[in-house]
2 protein chains.
Amino acid sequence: MPYLEEIKTRLKAKDYKITPQRKVIIKTFADNMEKHLSAEDVYQIVKDTNPEIGLATVYRTLDILAELQILKKIDFGDGRYRYEFCNEDDHHHHHLICLKCERVFEFEDDLLESLEAIINKKSGFKIVDHQLKFYGYCSECQKSKE
Amino acid sequence: MPYLEEIKTRLKAKDYKITPQRKVIIKTFADNMEKHLSAEDVYQIVKDTNPEIGLATVYRTLDILAELQILKKIDFGDGRYRYEFCNEDDHHHHHLICLKCERVFEFEDDLLESLEAIINKKSGFKIVDHQLKFYGYCSECQKSKE
DNA sequence: TTGTTTGCAAAGCATTTGCAGAGCA
DNA sequence: TGCTCTGCAAATGCTTTGCAAACAA
């Protein structure tokens, strides 16, 4: 996760202004590092301290932060996009989505790098990003099967 | 891809009726095996021969076929769901999505099985499905970079 | 015949956009 | 000050739903 100062620098570099709304949205992600917040989630959290903020502003800010690669826009297939801080290094993690409790777990892994190399060699496709989701049952839900 | 007779049997087994609309939608997928059709795509194709069909019927039929695991509902992140025949065997393929021409290529691969075993061992999460998307540039678009 | 299925139109949701006023630099 | 940003409301695009008529079995 980038430092707050670093984020501000990156915004300024693209001539984006540092507004209170943008600050508080960034802070929301810093305060919820382990979560995968949707625009609506962010809106609900931010409204507590800034009741006048508009949902459209949240969407616009998330767009900018994703464009600057500060946030990553992810899609768990539940009909809304979610956002998390980009990993600075190449260290990828995958998402394990429980089909029962719907919680999302993370799993650190680098194995996909070798697969990307294989694909590039065999098909000539140049990969710049990937998204891997696993669906199944978390250990708790396996115990409490009905 | 399941035989048409087999599909009808599976529909009947769940007390779904074999209607002309359902038949023609299934046929559309049989005629477009290599494509990833959206509901709107199917609707446009089917309207040629059955102009009276409704888009809602297409959606309802796709839901049923996905529920019966005849079709697989996939999400390329372009704001609409797409459908393709389920693979009968475990033979998985991944999707390579070109960020320039937006075409979707397929890549056959089984390597994820070993990754699933590792995850299960390390985290206790029991995986029943996965979805892997690679984003990048196809060989053609790499040549014609502007 | 009878419960499903269909087509239509309206509703639902997440997200985007237009616009006039507010505010950062 | 000048141009970006914001909040609001309306619009958008995909998908779902309610309902009465049509239809498969």
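Not measured: the values here are computed from a predicted model.

S.K.: Help me out: how do you make sense of the relation of the copies chain A and chain B in this one?
M.R.: Relating the two copies of this chain is a rotation about some axis coupled with a shift parallel to it. When chain A is brought onto chain B, the operation consists of a screw motion whose angular component is 180° and whose axial shift is 0.1 Å, with 0.2 Å RMSD remaining. One copy is carried onto the other by what is essentially a two-fold rotation axis. Across chain A, the rotation axis passes nearest the C-alpha of Leu132(A), at a separation of 2.2 Å. Comparing contact sets, 100% of the residues at the interface of chain A also lie at the interface in chain B, consistent with an isologous, same-surface contact.

S.K.: Would you explain the packing of helix 2 (residues 20-31) of chain A against helix 3 (residues 39-49) of chain A in this entry?
M.R.: Relative orientation and spacing of two packed helices are given, respectively, by the angle between their axes and the distance between those axes. All names here are of chain A. One can describe the packing of helix 2 onto helix 3 by two numbers: an axis separation of 10 Å at closest approach and a directional angle of 115°. With respect to the hand of their crossing, helix 2 and helix 3 are arranged in right-handed fashion. Counting all contacts with helix 2, which are made through Val24, Ile25, Thr28 and Phe29, the residues of helix 3 involved are Val42, Ile45, Val46 and Thr49. Looking at side-chain class alone, the contact of helix 2 with helix 3 contains six nonpolar, two polar and no charged residues.

S.K.: Could you clarify how one ought to interpret the pairing of strand 5 (residues 104-108) of chain B in this entry?
M.R.: For a regular strand, side-chain orientation follows a simple rule: the groups alternate between the two sheet faces. Residue and element names in this part refer to chain B. Pairing of strand 4 (residues 93-98) with strand 5, which is carried by five bridges, proceeds in the antiparallel orientation. Across the sheet, residue Ile97 finds its bridge partner in strand 5, namely Val104. Hairpin connection from strand 4 to strand 5: five residues lie between these consecutive antiparallel strands, with Glu102 at a positive phi of about 65°.

S.K.: Is there a simple way to explain the protein's contact with DNA strand C in this structure?
M.R.: Taken together, 21 residues form the shell around DNA strand C, and within it Tyr59(A), Tyr81(A), Thr19(B), Thr57(B) and Arg60(B) come nearest. Each atom of DNA strand C within 4 Å of the protein belongs either to a base or to sugar and phosphate, the latter forming 78%. Between DNA strand C and Arg80(A) there is a distance of 3.5 Å, counted from a phosphate oxygen to a side-chain nitrogen or oxygen. Of all elements in the fold, only helix 4 (55-67) of chain A together with helix 2 (20-31) and helix 4 (55-67) of chain B reach the threshold of two or more residues within the surface near DNA strand C. By residue number, the principal contributor to the surface near DNA strand C is helix 4 of chain A, which donates four residues. Looking at side-chain class alone, the surface near DNA strand C contains nine nonpolar, five polar and seven charged residues.

S.K.: How do you make sense of the nonpolar core when you look at a structure like this?
M.R.: One broad rule of soluble globular proteins: the nonpolar side chains tend to lie buried together. In terms of nonpolar packing, the biggest core is built from 24 residues, with Leu112(A), Phe134(A), Leu112(B) and Phe134(B) touching the most fellow members. Those elements giving two or more residues to this core turn out to be strand 4 (93-98), helix 5 (112-123) and strand 6 (126-137) of chain A together with strand 4, helix 5 (112-123) and strand 6 (126-137) of chain B. Residues in contact with Phe134(B), not counting those within four places in the same chain, are Leu112(A), Leu115(A), Glu116(A), Ile119(A), Phe125(A), Ile127(A), Asp129(A), His130(A), His94(B), His95(B), Leu96(B) and Ile97(B).

S.K.: Looking at this model, I keep getting lost on the sheet that holds strand 6 of chain A. Mind explaining?
M.R.: Hydrogen bonds along the backbone pair up the strands of a sheet, which may run parallel or antiparallel. Here we have six strands laid out as an open sheet, ordered 5(A)-4(A)-6(A)-6(B)-4(B)-5(B), and mixed in their pairing. The sheet is open, and its two edges are formed by strand 5 (104-108) of chain A together with strand 5 of chain B, each paired on a single side. Here the average twist between neighbouring strands, direction ignored, is 25°. Pairing analysis gives four bridges linking strand 4 of chain B to strand 6 of chain B, with the strands arranged parallel. Across the sheet, residue His95(B) finds its bridge partner in strand 6 of chain B, namely Lys133(B).

S.K.: Explanation requested: the protein's contact with DNA strand D in the structure shown.
M.R.: Within the structure, DNA strand D sits among 21 residues, and Thr19(A), Arg22(A), Thr57(A), Arg60(A) and Tyr59(B) are positioned closest to it. A share of 78% of the atoms of DNA strand D within 4 Å of the protein falls on sugar and phosphate groups. The separation between a base oxygen of DNA strand D and a polar side-chain atom of Arg60(B) is 3.4 Å. Of the residues forming the surface near DNA strand D, the biggest block, four residues, is contributed by helix 4 of chain B.

Quick notes on the rules
- Each chain carries its own residue numbering, running from 1 in the written order of its sequence.
- Whichever chain is written first is A, and whichever ligand is written first is 1; the rest continue in order.
- A pLDDT threshold of at least 70 governs which residues receive local features in this predicted model, and a stricter bar of 80 or more applies before side-chain atom pairs are shown or counted, although totals over entire chains, interfaces and linings include all residues.
- Excluded from the side-chain calculations are hydrogens and water; all other atoms, namely the structure's heavy atoms, are used.
- Our superposition of the copies is a least-squares fit, built on the C-alpha atoms of residues whose pLDDT is at least 70 in both.
- It only takes one pair of heavy atoms within 4.5 Å for two residues to be counted as in contact.
- To obtain an axis, a line is fitted to C-alpha atoms, over the contacting stretch when the element is a helix, and the angle between two such axes runs from 0 to 180 degrees between their N-to-C directions.
- Helix numbering and strand numbering both begin at the N terminus, where a helix is a DSSP run of H or I of at least 4 residues and a strand a DSSP run of E of at least 2.
- A clockwise turn of the near helix away from the far one marks a right-handed crossing, whereas an anticlockwise turn of less than a right angle marks a left-handed crossing.
- Residue polarity is assigned by list, with Asp, Glu, Lys and Arg as charged and Ala, Val, Leu, Ile, Met, Phe, Trp, Tyr, Cys and Pro as nonpolar; anything else, Gly included, falls into the polar class.
- Pairing between strands requires that DSSP locate at least two bridges from one strand to the other.
- Nearness is judged by heavy atoms alone; a residue qualifies as near a molecule or strand once a single heavy atom is within 4 Å of it.
- Two N or O atoms count as a polar contact when they lie within 3.5 Å, although within protein this holds only if one can serve as hydrogen donor and the other as acceptor, and sequence-adjacent residues are included solely when both atoms are side-chain atoms.
- As used here, the term nonpolar core means buried Ala, Val, Leu, Ile, Met, Phe, Trp, Tyr and Cys residues forming a set that is joined through side-chain atoms within 4.5 Å.
- For every residue, the accessible area obtained with a 1.4 Å probe (protein chains only) is divided by the maximum for its type, and the residue is called buried under 20%, exposed over 50%, and partly exposed between those limits.

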